[in-house]
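Observations on the model geometry
One letter stands for each residue in the lines below.
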Amino acid sequence: MVLADELEEYTGQLDHQAVQSEFFDLETAKRTARLCRDLLAALPSEPDEHQHRLTQLAIAYFVLEEDAEDDNDSLIGFDDDLQVAVAVAEALGLKDLVD
Amino acid sequence: MVRATRSSKPVLAPGAKILVRDEEWIVRSVRPASQGRYAVHATGTSELVRGKNTIFLNDIDRIEELKPEETELVLDDTPRYRKSRLYLDSLLRRSPPTDNAIHAGHRAAMRPTPYQLQPAAKALRQLRPRILMADGVGLGKTLEVGVLLTELIQRGRGERILVLALKSILEQFQQELWARFTIPLVRLDSVGVQRVQSKIPTNMNPFYFYNRVIISIDTLKRDEKYRRYLEQCRWDAVVIDECQNVADRSKSSTARGSQRADLAKLLAPRTDALILTSATPHDGRASSFASLIELLEPTAIADKEDYTADEVDDFFIRRFKKDVADQIGSGFHDRVQDIEKQTATPEENALFDYLSTVKFQTIGKTRGGSGMLFRTLLLKAFLSSPSAFLSTVAERLKKKKVQDQDSEEAAHDREVLTELLDLGERIKPAAFSKYQAFLQRLKGFGLDEKKTSERVVVFSERVATLEFLATRLKKDLGLTDDQIAVFHGSLDDQRQQALVREFGSEKSAVRILLASDAASEGINLHYYCHRLIHFDLPWSLITMEQRNGRIDRYGQEFPPEIYYMLTVPGNEELAGDLRVLERLIEKEDAAQKNLGDVAWLLNLHDKEKEEEHIAAGVEGSKTAEEVLPDEPQSNDFMELLFGSQEDKEPDATCADPNRLFENDREYAREAFDQLLDDDETVVTWMDNVEGFEIYPPEDLKQRYKFLPPELYKKGKAIRLTTDRDLVMQSHDKAREDDVRWPEWELFWEQHPVAEWLTDRVLGEFGRHAAPIMEIPQGLDGADCLFLCQGLISNNRSQPVLIHWFGVPISNGEPGDIISLNDVIQQTGISGAPSNPNSGTQQLTIELLNSYRTAVVEAAGKHMLNERRARAESISEPLREGVRKLATWKKASLASFTNRQTQLLPDSSSKQALLEKRIEREEKRINDIYKARYEWINDGLRTSDQPFLRIAAVFIPGGQG
């Protein structure tokens with residue numbers, strides 16, 4: 001599955017997860033999803049391997065459920081996902097994407 | 001028919017009826033046990049087990065709870081629905097609060113002022129109720145502890161309580177908590193320990209036998225066996241009174257200090273709530289205060305040497321008399337003080353003169369354990385009394401160093417000491433100027449009159465002085481043996497407690513209490529005494545303040561009178577040196593009025609250090625002004641402590657309980673009428689008092705076996721009242737009469753008799769049944785109205801959401817949920833509506849039965865909505881808490897790494913050693929983080945299976 005599809009599939013499950021899990025951090029999750037989408041949209045038409053890899057990293061980390069802070073089980077499950085995405089944006093000089 | 005549970009987590013609420021081993025029980029609480037099991041604490045209600053408390057484990061016993069949709073709906077034919085109202089009121093009484101308001105503490109037998117409720121409110125706002133109550137001397141910290149413990153008990157989080165206190169105040173603390181809050185603590189003093197040993201098998205853990213215990217911290221720290229018992233126990237709440245004794249102090253390397261600190265560290269992780277109290281919670285160093293905060297919350301502070309107010313502010317509360325004066329009104333009076341300066345007699349001057357010139361050759365060249373030169377030590381002893389002086393000299397003469405050496409220097413010192421002995425012995429009582437003035441002062445109080453009721457407490461640092469005074473005063477004032485009492489640290493706990501009790505009793509003969517500084521912490525001496533004399537001065541502001549706090553405290557009815565006795569030597573140089581003592585008195589008075597915490601004046605925060613500092617002034621190396629400055633010695637830590645508490649603590653919110661009876665007395669009266677057969681004439685109601693007396697029936701006696709033995713004497717009635725004033729008067733009178741335990745006890749939900757009565761009411765009602773009540777005025781158009789209770793527990797089985805609500809049925813369908821208040825208002829059940837007994841038909845009952853499943857579904861949905869709303873409201877603060885925890889983890893490791901990098905000397909092995917230490921520390925920090933995270937997680941995550949109960953059904957009149 002391509003990265004963009006993975007991102008959309010994972011994002012599509014967020015609302016459902018929020019109902020299932022009592023303290024699911026939907027707000028941070030959606031904020032991270034937005035930033036990941038913006039990073040994807042910011043990819044230049046001419047392939048840039050460095051930017052591509054970093055964007056890939058941010059999205060891969062986001063869609064990975066059992067990361068440093070488990071997305072569903074941890075009370076701050078998306079803090080790490082957002083931090084990674086923000087770090088990528090900053091590394092790519094795309095600070096303005098971060099809201 | 002039943003929801004049975006074995007090995008899965010029980011969905012039970014306090015007050016739920018369960019069937020286990022074919023007997024009926026009422027659930028008191030459900031708690032996690034070892035190996036992932038759950039323990040259901042229950043009280044028997046059926047005939048064979050009535051009143052018996054027991055614990056069932058869900059993997060051993062089949063615990064059956066009836067399904068709510070199978071609740072049997074039964075008609076109540078009692079007049080004014082007495083049976084139903086008692087049943088519902090009892091369920092409401094068993095319904096623990098789940099918010100942060102004060103629900104019962106403010107209704108104890110006290111006149112609470114807002115500041116006394118704030119510590120409990122602040123603790124209840126925490127994820128874990130843990131707090132350091134650090135109010136100044138005499139503000140009533142015991143009452144503040146009682147309020148918080150009451151709130152914990154009401155929430156089902158105070159079943160097991162351990163109080164650690166100084167041996168001198170065990171009884172005082174125990175009585176206050178019983179008389180005002182009916183919290184029964186079993187006192188394990190020397191007699192209590194023997195009693196326990198004779199009552200239970202030798203290998204049984206006494207802390208399992210008794211759930212609520214008060215014990216001296218020194219008994220616990222010394223006794224290896226008791227320590228082992230403690231290691232096996234878990235508590236709902238631990239109180240450490242005078243917790244400065246367990247803090248990391250600059251002198252905590254002493255065996256005693258570290259034993260106490262170890263004990264506190266042992267207990268802190270074994271309790272849910274932790275309450276620390278101290279008027280002197282730090283020694284001026286950030287790390288000392290941090291050690292107490294770490295007991296409360298190990299993840300609060302990342303660097304014990306350097307932290308901010310934000311890190312500690314949630315965990316302590318500190319106010320002084322000046323801060324709360326506007327709330328107390330007549331509860332505090334301005335202190336009156338007088339310094340009585342006596343010119344030394346020729347005999348005294350002879351000794352002063354000799355002492356001022358004397359030079360020792362083998363002794364006194366260096367500062368001893370007291371940090372003073374020996375000459376200063378002698379001067380201090382002499383300023384106490386010639387007896388104290390002689391005792392000090394005689395002791396020194398006995399010492400090997402002086403006695404056995406053959407050198408010229410030793411011979412010289414022996415000669416000097418002998419000369420001092422001779423000079424001291426020449427000072428007979430008539431030539432002891434301070435004593436003569438003191439005598440006149442006592443006569444002025446009328447203490448030489450035979451029938452006087454005047455009392456005075458006299459403090460001295462020296463036991464020799466106390467003994468001298470005891471002997472002389474009897475002669476000079478014509479007092480009898482029982483009119484003078486001497487209190488000092490080497491008395492055993494029984495004698496110390498007896499003296500405190502006697503001095504607080506109006507009927508006691510004691511007129512003069514001669515006390516060492518062992519009596520200066522914690523004990524109440526203000527009940528019939530408002531005069532205190534410092535026969536000698538402690539060279540410490542902290543000790544002075546603590547001494548004065550014995551009578552200058554909350555509840556003192558008269559302006560406290562404080563007298564200081566000073567001797568002024570003829571020797572001008574020495575008199576000049578001693579001027580520092582006069583300034584010490586002035587500064588203590590000014591500091592307690594303006595600064596609140598007198599210890600900031602010198603910023604030493606340690607009695608012994610203050611004494612050394614003052615001694616330096618007396619030794620003449622500094623002026624009185626240099627020794628005792630006008631302004632406090634401010635530092636960053638002081639700014640942190642004061643600054644952090646600048647914002648006014650919000651007043652506690654108090655909530656009135658939901659009840660169907662006008663008051664507890666009416667509830668009890670109806671309950672006894674309902675429950676007791678005519679031949680059970682155990683209760684007698686009083687005509688002139690809002691109360692009753694009860695001769696406990698067998699099942700109640702059974703409960704008293706696990707309570708302090710002092711509370712029930714075989715064959716005697718227990719007197720209970722709802723009149724708080726009467727309880728307080730009775731408490732005062734018990735003290736006056738020296739009978740220890742008040743005649744009248746507060747009848748409220750927390751009293752063992754009220755708990756027993758509620759259990760009896762719940763037990764009397766049919767198994768898994770709910771009453772049907774016919775409401776003549778109708779139900780706002782509804783076909784009927786179901787009163788339901790819903791409860792959601794967290795992962796630790798503690799109830800976090802409890803709701804009472806009504807489910808109306810209209811046209812056969814559940815309508816919108818209504819609140820309990822609306823149910824009460826619509827049905828008028830709190831007003832004891834008349835029961836028309838119109839003969840409701842079986843057909844109606846069947847119809848009501850058919851609604852039950854829909855009602856339970858609607859109730860379940862309602863509770864899940866409430867659960868969602870709760871999650872939404874606490875999510876953000878909760879995440880902030882967890883983020884703070886993550887920050888703590890990083891900062892702790894960084895701070896450790898920095899410190900170790902600086903500490904370790906440069907060498908080839910430095911890096912390896914550093915890495916090893918960091919690895920070890922990282923593991924420790926991770927363990928704490930993990931434990932704390934799991935604690936938060938388990939405490940906040942809830943079950944999505946609410947416990948539901950149909951409690952009653954109301955039908956409109958005329959349906960019969």
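Here the structure is a predicted model, which is why all the values come from computation and not from measurement.

A few words on the overall build of chain A. Along its length, chain A carries five helices and zero strands. Going residue by residue from the N terminus, the α and β elements of chain A occur as α-α-α-α-α. In summary, chain A has a C-alpha radius of gyration of 13 Å against a globular reference of 13 Å for 99 residues, a match within 12%. Counting only C-alpha atoms and orienting by the principal axes, one finds that chain A spans roughly 45 × 25 × 20 Å.

Glancing now at the nonpolar core. All names here are of chain B. Among the nonpolar cores identified, the biggest contains 130 residues, and Leu149, Phe438, Leu442, Leu473, Ile512 and Ile614 are the most heavily contacted of them. What Leu473 contacts, discounting residues up to four positions off in sequence, is Tyr435, Phe438, Leu439, Leu442, Gly478, Leu479, Ile484, Ile512 and Leu514. Counting residues in hydrophobic clusters, the runner-up holds 70 residues, among them Val40, Tyr81, Ala769 and Ile818.

Okay, the packing of helix H1 (residues 82–93) of chain B against helix H27 (residues 664–675) of chain B next. Residue and element names in this part refer to chain B. Two elements in contact, H1 and H27, have axes separated by 10 Å at closest approach and are oriented at 125 degrees. Accordingly, the angle class assigned to the pair H1 and H27 is oblique. Note that H1 runs across H27; the crossing there is left-handed. Packed against H1, whose contacting residues are Arg82, Lys83, Leu86, Asp89, Ser90 and Arg93, the element H27 presents Asp664, Tyr667, Glu670, Ala671, Asp673 and Gln674 at the interface. Of the residues assigned to the contact of H1 with H27, the class counts are three nonpolar, two polar and seven charged.

Moving on to the pattern of salt bridges. Counted according to the given criterion, the structure contains 66 salt bridges over all chains. Between Glu454 of chain B and Arg531 of chain B there is a salt bridge, and its shortest N-O distance comes to 2.5 Å. Highlighted residues: Glu454 of chain B in the loop between helix H18 (433–444) and strand E16 (456–459) and Arg531 of chain B in strand E19 (residues 531–534), separated in sequence by 77 residues. Its relative accessible area of 25% is what places Glu454 of chain B among the partly exposed residues. Assessed through its relative accessible area of 12%, Arg531 of chain B is described here as buried. The shortest N-O distance in the salt bridge between Arg547 of chain B and Asp517 of chain B comes to 2.6 Å. Here Arg547 of chain B, found in helix H21 (residues 541–548), pairs with Asp517 of chain B, found in the loop between strand E18 (512–515) and E19; they are 30 residues apart in sequence, far enough to count as distant. When salt bridges that share partners are traced, they join Asp25 and Asp79 of chain A together with Glu876, Arg879, Glu880 and Arg883 of chain B into one network.

Mean pLDDT over chain A: 92, with 99% of residues reaching 70 or higher. Looking at the elements of chain A, mean pLDDT is at its lowest for helix H2 (residues 14–20) of chain A, recorded as 88, and at its highest for helix H5 (residues 79–91) of chain A, recorded as 96.

This part takes up the interface of chain A and chain B. Between chain A and chain B, the residue contacts involve 13 residues of the former and 16 residues of the latter. When the two sides are added together, the surface that chain A and chain B hide from each other amounts to roughly 1200 Å², 48% of it contributed by carbon and sulfur. Considering only the surface of chain A that becomes buried against chain B, Glu22, Phe23 and Leu75 of chain A emerge as the three largest contributors, covering 60% of it. Here chain A and chain B share five salt bridges between them. Of the charged contacts, one joins Arg883 of chain B and Asp79 of chain A as a salt bridge, the two residues approaching to 2.5 Å between their closest N and O atoms. In this assembly, chain A and chain B are joined by nine residue pairs in polar contact (both at pLDDT 80 or more). Its residues placed into classes, the side of chain A that touches chain B shows four nonpolar, four polar and five charged.

The next thing to look at is the packing of aromatic side chains. Residues and elements named next belong to chain B. For the coordinates displayed, the defined rule picks out 26 aromatic pairs over all chains. Taken together, a centroid distance of 5.4 Å and an interplanar angle of 50 degrees make the contact between Phe445 and Tyr563 tilted. Placement of the pair is Phe445 in the loop between H18 and E16 and Tyr563 in strand E20 (residues 561–568), with a sequence separation of 118 residues. Measuring from ring centre to ring centre gives 4.7 Å for Trp685 and Phe692, while their planes differ by 45 degrees; the resulting arrangement is tilted.

What follows deals with unusual backbone geometry. Residue and element names in this part refer to chain B. A positive phi angle is found at Tyr81, which is not glycine, with a value near 50 degrees. Overall, Tyr81 belongs to the buried group, its relative accessible area being 1%. In this structure, Asn811 takes a positive phi of about 50 degrees despite not being glycine. With respect to the helices, strands and loops of the structure, Asn811 is situated in the loop between strand E27 (799–810) and strand E28 (813–814). Take Asn811: its relative accessible area is 74%, and that puts it in the exposed class.

What follows covers a positive patch on the surface. Among the surface-exposed residues, Lys52, Arg195, Lys199, Lys705, Lys713 and Lys716 of chain B lie close enough to one another that they form a single positively charged patch. Since its relative accessible area comes to 54%, Lys716 of chain B is described here as exposed.

All names here are of chain B. In terms of residue burial, strand E12 (residues 235–240) counts as a mostly covered element, since six of its six residues are buried. Examined bridge by bridge, strand E9 (residues 161–165) and E12 share four bridges and lie parallel to one another. Note on E12: the bridge partner recorded for Leu164 is Ile240. When E12 meets strand E13 (residues 271–277), the two strands line up parallel, connected through five bridges.

What follows concerns the side chain of Gln172 of chain B. Residue and element names in this part refer to chain B. If you trace the backbone, Gln172 turns up in helix H4 (residues 170–181). The exposure class of Gln172 is buried, given its relative accessible area of 14%. Within the structure, Gln172 has its side chain in polar contact with the backbone nitrogen of Asn524 (distance 2.9 Å). Residues contacting Gln172, with those up to four places away along its chain left out, are Val500, Gly522, Ile523 and Asn524.

About the criteria used
- Residues numbered from 1 in each chain as written.
- Chains lettered and ligands numbered in written order.
- Predicted model: local features only at pLDDT ≥ 70, side-chain atom pairs only at ≥ 80, totals over all residues.
- Heavy atoms only, no water.
- Helix = DSSP H or I, 4+ residues; strand = E, 2+ residues; numbered from the N terminus.
- Rg over C-alpha atoms; globule rule 2.2 N^0.38 Å.
- Core = buried A, V, L, I, M, F, W, Y, C linked by side-chain atoms within 4.5 Å.
- Buried < 20%, exposed > 50% of the residue type's maximum accessible area, 1.4 Å probe, protein only.
- Contact = heavy atoms within 4.5 Å.
- Axes fitted to C-alpha atoms, helices over the stretch in contact; angles between N-to-C directions.
- Parallel < 35°, antiparallel > 145°, perpendicular 65-115°, else oblique.
- Left-handed = near helix turned anticlockwise from the far one by under 90°.
- Nonpolar A, V, L, I, M, F, W, Y, C, P; charged D, E, K, R; others polar.
- Salt bridge = Lys/Arg side-chain N within 4 Å of Asp/Glu carboxyl O.
- pLDDT = per-residue confidence, 0-100.
- Buried area = accessible area lost by both parts, 1.4 Å probe.
- Polar contact = N/O pair within 3.5 Å; in protein donor to acceptor, adjacent residues only side chain to side chain.
- Phe/Tyr/Trp six-rings, centres within 6.5 Å; stacked < 30°, edge-to-face > 60°.
- Patch = residues over 30% accessible without salt bridge, like charges linked within 9 Å, V, L, I, M, F, W, Y side chains within 5 Å.
- Areas by Shrake-Rupley, 256 points an atom, 1.4 Å probe, with all protein chains shown as cover.
- Lys, Arg positive; Asp, Glu negative; His and termini not counted.
- Charge placed at Lys NZ, Arg CZ, Asp CG, Glu CD.
- Pairing = 2+ DSSP bridges.

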